[in-house]
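Structural description and commentary
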Amino acid sequence: MRERTLERVRKLLAKAERTDNEHERATFMAAASALMAKHGIDSLPPAGTRQTPGDRVVTLPNPWAREKARLVSLVAQAVRCRPLLIGRGDGGQRVHVFGFAADLERADLLATSLLLQMAGGLARVRVPDGVTAVRAYRRSWLLGFTDEVYRLLCAAESEAAQASTGAALVLADRRAEVERAVAVHYPDIRISVPRTSGTGYRDGVAAGRRADLGRTGMTTGTAPELAPGR
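Here we summarise the structure given alongside this text.

Parameters at a glance
Residues numbered from 1 in each chain as written. Predicted model: local features only at pLDDT ≥ 70, side-chain atom pairs only at ≥ 80, totals over all residues. Heavy atoms only, no water. Helix = DSSP H or I, 4+ residues; strand = E, 2+ residues; numbered from the N terminus. Pairing = 2+ DSSP bridges. Axes fitted to C-alpha atoms, helices over the stretch in contact; angles between N-to-C directions. Contact = heavy atoms within 4.5 Å. Left-handed = near helix turned anticlockwise from the far one by under 90°. Nonpolar A, V, L, I, M, F, W, Y, C, P; charged D, E, K, R; others polar. Salt bridge = Lys/Arg side-chain N within 4 Å of Asp/Glu carboxyl O. Buried < 20%, exposed > 50% of the residue type's maximum accessible area, 1.4 Å probe, protein only. Core = buried A, V, L, I, M, F, W, Y, C linked by side-chain atoms within 4.5 Å. Phe/Tyr/Trp six-rings, centres within 6.5 Å; stacked < 30°, edge-to-face > 60°. Lys NZ or Arg CZ within 6 Å of the ring centre and 35° of its normal.

On to the environment of Gln 162, then. Summarising the element assignment, Gln 162 is placed in helix α5 (residues 134-162). With 121 residues separating them in the primary sequence, Gln 162 and Ile 41 have C-alpha atoms 9.9 Å apart.

Now for the sheet that holds strand β2 (residues 82-89). Here we have 3 strands laid out as an open sheet, ordered β1-β3-β2, and antiparallel in their pairing. Each of the sheet's edge strands pairs with one partner strand only, and the pair in question is β1 (54-61) and β2. Taking the axes of each pair of neighbouring strands and ignoring which way they run, one obtains an average angle of 20 degrees across the sheet. Sitting on the sheet, helix α6 (residues 167-185) is in contact with β2 and β3 (92-99), with an inclination near 135 degrees to β3.

Moving on to the packing of helix α3 (residues 65-78) against helix α4 (residues 101-124). Where α3 meets α4, the axes come as close as 9 Å, and the angle between the chain directions of the two elements is 145 degrees. α3 and α4 meet at a crossing whose hand is right-handed. Contact residues: α3 offers Glu 67, Lys 68, Leu 71, Val 72, Val 75 and Ala 76, while α4 offers Ala 107, Leu 110, Ala 111, Leu 114, Leu 115 and Met 118. Its residues assigned to classes, the contact of α3 with α4 shows 10 nonpolar, no polar and 2 charged.

With that settled, consider the pattern of salt bridges. Tallying each qualifying case throughout the model produces 12 salt bridges. With a closest N to O distance of 2.8 Å, Asp 147 and Arg 70 form a salt bridge. Here Asp 147, found in helix α5, pairs with Arg 70, found in helix α3; they are 77 residues apart in sequence, far enough to count as distant. In this pair, the class of Asp 147 matches that of Arg 70, namely buried. The partner of Asp 103 in a salt bridge is Arg 106, with the nearest N and O atoms 3.1 Å apart. Taken together, the positions of Asp 103 and Arg 106, both in helix α4 and 3 residues apart, correspond to about one turn of that helix. You can call Arg 106 buried: its relative accessible area is 0%. One network of salt bridges, in which partners are shared, links Arg 80, Asp 103, Arg 106, Glu 157 and Arg 174.

Now for the nonpolar core. In terms of nonpolar packing, the biggest core is built from 35 residues, with Leu 60, Val 75, Cys 81, Leu 114, Met 118, Trp 141 and Leu 153 touching the most fellow members. If you list the elements that add at least two residues to this core, you get α1 (3-18), α2 (22-42), β1, α3, β3, α4 and α5. Counting residues in each nonpolar core, the second largest holds 8 residues, with Ala 37, Ala 160, Val 170 and Leu 171 among its members.

Considering the arrangement of structural elements, one finds Pro 63 in the loop between β1 and α3. The buried category is assigned to Pro 63, whose relative accessible area is 16%. In this structure, the C-alpha to C-alpha distance between Pro 63 and Gly 92, residues 29 residues apart in sequence, is 8.8 Å.

Counting across every chain of the model gives 2 aromatic pairs. An angle of 90 degrees between the planes, with centres 6.2 Å apart, marks the rings of Phe 98 and Tyr 186 as edge-to-face. Placement of the pair is Phe 98 in strand β3 and Tyr 186 in the loop between α6 and α7 (198-209), with a sequence separation of 88 residues. Note on Tyr 186: relative accessible area 22%, which makes it partly exposed. Lying over the aromatic face of Trp 64, Arg 135 brings its terminal NZ or CZ to 4.0 Å of the ring centre. Its end group placed over the ring of Phe 100, Arg 174 keeps NZ or CZ at 3.9 Å from the ring centre.

Purely geometric stuff here, so don't read any function into it on its own.
Structure follows, in structure tokens:
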């Protein structure tokens, strides 16, 4: 990603981080996510240009390793990468992400930001009175946060693609290339759907809607705010 684009994103994020006004934060978040999506379209090569997809494996440590891995997976999927949850290994849950270089970079940047934001949001959660299954509530909050962030990112990506003449054909070709790369490594793929519980999911969705979608720099270290039982 060009340094100029990074600088614009950093400025938007700095404004989002400084304000306590949720409406202002949402405005800066929307601008940052739209900028990232537009950069993804601007980075597309001309139709007919051949590029080779790359891949990387990200390991998410405990606690909440599966939930963090799901966040990384859906962020990657939203920005046109192909993620696969490949289970435990190297001290955590692993996600194997396939995609072209520009999209892998965008997934990297966004996932880093959102892992930190999810940790901070969970640390601020106050479990409603009467809820006895605290861990289940917190897990559902994490899933709700992730799903709403995914929806917001997909909307930004779709809007950017629709605004670009000829992008649809190039994107379709690139999706096919990525799927072929995945098939070489994983000919048999199984899909699982996580279960949710109660109001935690709804509250996580609300928090995800307020997320700032553009902080930079990948990290896979354990965030202390994600410690179980908090």
